[in-house]
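Tertiary structure, described
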Amino acid sequence: MDTYETILKRRSIRSYLNKEVEKQKEEKIINAAFHAPIASARYDNVLIKIYKNEKLKELQNELISLTSKDNTYNAPLVLFIYHKGENIDLANLDSGAIIENILLEATNLSLGSLFIYSFVRLTKEYPSLYKYYEIKRDDGNYILRSIVSIGYVDKENVSHIEHKMKVEVE
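So, here's what we can say about the structure. (Residues numbered from 1 in each chain as written. Predicted model: local features only at pLDDT ≥ 70, side-chain atom pairs only at ≥ 80, totals over all residues. Heavy atoms only, no water.)

Looking now at the overall build of the protein chain. Looking only at helices and strands, the protein chain features five helices and five strands. In terms of C-alpha radius of gyration, the protein chain reaches 16 Å, essentially the compact-globule figure of 15 Å for 170 residues. Principal-axis analysis of the C-alpha atoms gives the protein chain an extent of 45 × 40 × 35 Å. A buried classification covers 44% of the 170 residues belonging to the protein chain. (Helix = DSSP H or I, 4+ residues; strand = E, 2+ residues; numbered from the N terminus. Rg over C-alpha atoms; globule rule 2.2 N^0.38 Å. Buried < 20%, exposed > 50% of the residue type's maximum accessible area, 1.4 Å probe, protein only.)

Attention now goes to the side chain of Arg 10. Within the secondary structure, Arg 10 sits in the loop between α1 (3–9) and α2 (23–34). There is no salt bridge for the buried Arg 10, and the closest opposite charge comes from Glu 100, which lies 5.0 Å off by N-O distance. The contact partners of Arg 10, leaving out residues within four places of it in the chain, are Leu 103, Leu 104, Thr 107, Ser 113 and His 163. (Lys, Arg positive; Asp, Glu negative; His and termini not counted. Salt bridge = Lys/Arg side-chain N within 4 Å of Asp/Glu carboxyl O. Contact = heavy atoms within 4.5 Å.)

You can see Leu 8 is positioned in helix α1. You can call Leu 8 partly exposed: its relative accessible area is 47%. Separated by 99 residues in the primary sequence, Leu 8 and Thr 107 place their C-alpha atoms 9.8 Å from one another.

In structure tokens, the structure reads:
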């Protein structure tokens, strides 16, 4: 698939098949994240935490017990994007570039994905989820910017919303 075709094919997926993402595809997605443009090339400000298998099931069950909803949509793979540093604007921009690379590579690999910001709000709303919001390490404190769910698409539940934005030319 060429880049333009991948961009046009990408959709926000909220329904995944119960099928694990192969290690090779997971590695390609992570490699795509590593190649995102980062402000001042400060790649050491970024931490990507991967949840899958039992750890992910624990998280999904915790979400269901707290909110009656699994905000990962039962995805088999979820990436948490963290950023450290004082400049929140740069952290959000860096994270957005990383997320876009992840979403596009997942689409390129015939996987579905979803950028989920609501999880950040939940970590502040429910004290038991705060452990996902901030990671304290020797090299600094990493703050959660967003998560991305990834998996094989349950094609029966794909939205076909038409994408339209306003464009002005001067």
